[in-house]
Amino acid sequence: MEHTIVIHAGATKWDIRQRVWDYIEEKNLANFPRPVHHRIPNFKTGAHSCNRLLELPEFRSSRVVKVNPDRPQEQARFNTMKARKVLLVPTPRLRTGLFNKIVPPQNSTNEELRVCSTSRGVKDFSIPLGLDANIQVDLVVVGSVAVSQEGYRIGKGEGFADLEYGMMAAMGAVNESTVVVTIVHDCQVVNIPEGLIESHDLTVDYILTPTRIIKTECRHPKPQGIMWAKLDAETLEKIPILRKLRVLEQEAGRAVTLKSSPVEALPAGQATDPRRPHPGLRPDANQKPKHVCFASAGDGGERDEGGGVEHEFPKSPAGTLYLGGIPAGLRVGELKRLLRERHATPHKLTWQGPRGSAFLHYSDGPAAGRALAALQGLSVDGHTLRAERARGRRGGHRADQTTLDNENIGVGRARYTL
C-alpha cells in the first residue's frame, strides 16, 4: 500500500517525527491536546482503531495486558477492562514505580470503566506493582509517532516505551511470546529505514489503524533487558525503580556499567558556590580560575537537567556557533536530540530558549565548521533555524541561559540515547 507521507532517503528519526507531526496538524487529523508536536498524536479516529484490538486472537486469549497511559489509547484501556482482563498501566515517566494495576469497582458499569480508563481513573483506581511482582504480560499496547509495515517504531523521542519493555524483560514479565501492538492513524504508517533501529528500540507485531490490521512479521529482536551502557547516572537518579533494578542485576553478577561521561555533574543543591571544588577533584593552587556558570530554568520555565551543574566555557571563540530562530515551545531536549541526529553534538550548549537562540560550543574552529555545514537548511516545526559563527555575540552569562556539557546533551529527560 502506498504511504501517505513520503520519507526521503537519509531521513533521521527526527525528520520522520517532524514529517508526521506536520502532516497531522496540516490535515487537522487530531483532537486535543494540540499541537501534536512532541506528543503521541491523539488522532480523531483513535477510538475506532483501538476497537480493532477486539479482532485480534492474541488479545482475546490474553489475560494480562499492559497499555501506555496516553490519551490516544484510552479506548484500549477501556476495552481491556470491559473484557475482564488485568490492565497494567506504566507509572508516568516511571517516577514512582513501574506499573499500576487498575482495579475497577466491583460489578462496574461501562460508565465506571470509562472513568477508570482516563488518566484520573488510573490514579484513583490503581495499586502499584514493583519489580518483585510475579506477573506475566501477554500483550503490550504502545503509542507511536511513526511505524513501518516491517514493525519498526519511532516514539516521541523520550525512550520510555523502550525502557519499560526492557525493565519488564529484566523482571521476567515479558518473553518471546509477548505480543506488542501499536495503534496509529493510517498516515503514521511510513517507510522507516532499518538502519535507524537500534538494539534498545522496541518493535511491534501488529499495527492497528482506522482502516486495517497489519501483522508485521517483524524479526528484529526486542530488548531482552536494560542496556545499562546507554544510560547515565543522571537518568538513574531520576528513576528510583531503575536504581533498584540495577542493584538486583549487579547482585546477580550482570554487567551494569553506565554510559561514561567526561564531566561529572554536581548533585542538586551543591552547585551554588563557584569556590566549591568538584567532588573527587583537588583544586590546583597554580591553576587559574575558570569561568563558571550555573544552570537555570532557561528553557521557558521547564528544567530537564535536574540540579545546578558547574561548567567551563571552551576557550576558543572560533569553536562557538550561534543558533537562532528556535521556535517558541521547542524544548532543550528536542534540540539536543536534533543536534545528535545531525552529527553536530557540541562540547557544551548554552540554551536561551526564551530568546529563541542557543550557543553551541565545539572543541575548536574546524569542529565548529563541520557542525556549521551539517546544520545548514535545518528547520523545526516549519521554522528555519539560523546557524552561524558566534562572532562575539555571546557576551556574559545571563539568568535566562542554561549551559550543558556533553554529558547532559546526551540525555535531556530520563531516556535512552536516541
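All of these numbers come straight from a predicted model, not from anything done at the bench.

Looking at this model, I keep getting lost on the packing of aromatic side chains. Mind explaining?
The description of two aromatic rings rests on the distance between their centres and on the angle between their planes. On inspection of all chains with the given rule, the structure shows two aromatic pairs. Summarising the aromatic geometry, the rings of W14 and W21 are spaced 6.2 Å apart at their centres and angled 75° between planes, so their arrangement reads as edge-to-face. A single burial state applies to W14 and to W21, both of which are buried. The ring of F78 is capped by R114, whose NZ or CZ atom sits 3.8 Å from the centre of that ring.

In this structure, what is going on with the pairing of strand β15 (residues 357-361)? I would like to understand it.
The side chains of a regular strand alternate between the sheet's two faces. Judged by how many residues are buried, β15 sits mostly within the fold: five of five residues are covered. Side chains S357, F359 and H361 project from β15 onto one buried face, and the interleaved A358 and L360 project onto a second face that is buried too. Summarising the sheet, strand β13 (residues 320-324) and β15 pair through five bridges and their orientation is antiparallel. Opposite L323, over in β15, you have A358 as the bridge partner. Taken together, the five bridges between strand β14 (residues 348-352) and β15 define a ladder with antiparallel strand orientation. What sits directly across from W351, in β15, is A358.

What is the right way to look at helix α1 (residues 13-26) in this model?
Along an α-helix, residues three or four positions apart point the same way, because every turn accommodates 3.6 residues. For α1, built from 14 residues, the straight-helix expectation of 20 Å at 1.5 Å per residue is met to within 8% by its first-to-last C-alpha distance of 20 Å. For α1, every residue scored as buried is listed here: K13, W14, I16, R17, Q18, V20, W21 and I24. Next to the buried residues of α1 lie β6 (146-147), β7 (153-154), α10 (332-341) and β16 (379-380). Trailing α1 by a residue or two, N28 shows a phi angle of about 55°, which is positive.

The rules behind the values
- Residues numbered from 1 in each chain as written.
- Predicted model: local features only at pLDDT ≥ 70, side-chain atom pairs only at ≥ 80, totals over all residues.
- Heavy atoms only, no water.
- Phe/Tyr/Trp six-rings, centres within 6.5 Å; stacked < 30°, edge-to-face > 60°.
- Buried < 20%, exposed > 50% of the residue type's maximum accessible area, 1.4 Å probe, protein only.
- Lys NZ or Arg CZ within 6 Å of the ring centre and 35° of its normal.
- Helix = DSSP H or I, 4+ residues; strand = E, 2+ residues; numbered from the N terminus.
- Pairing = 2+ DSSP bridges.
- Expected span 1.5 Å × (residues − 1).
- Contact = heavy atoms within 4.5 Å.

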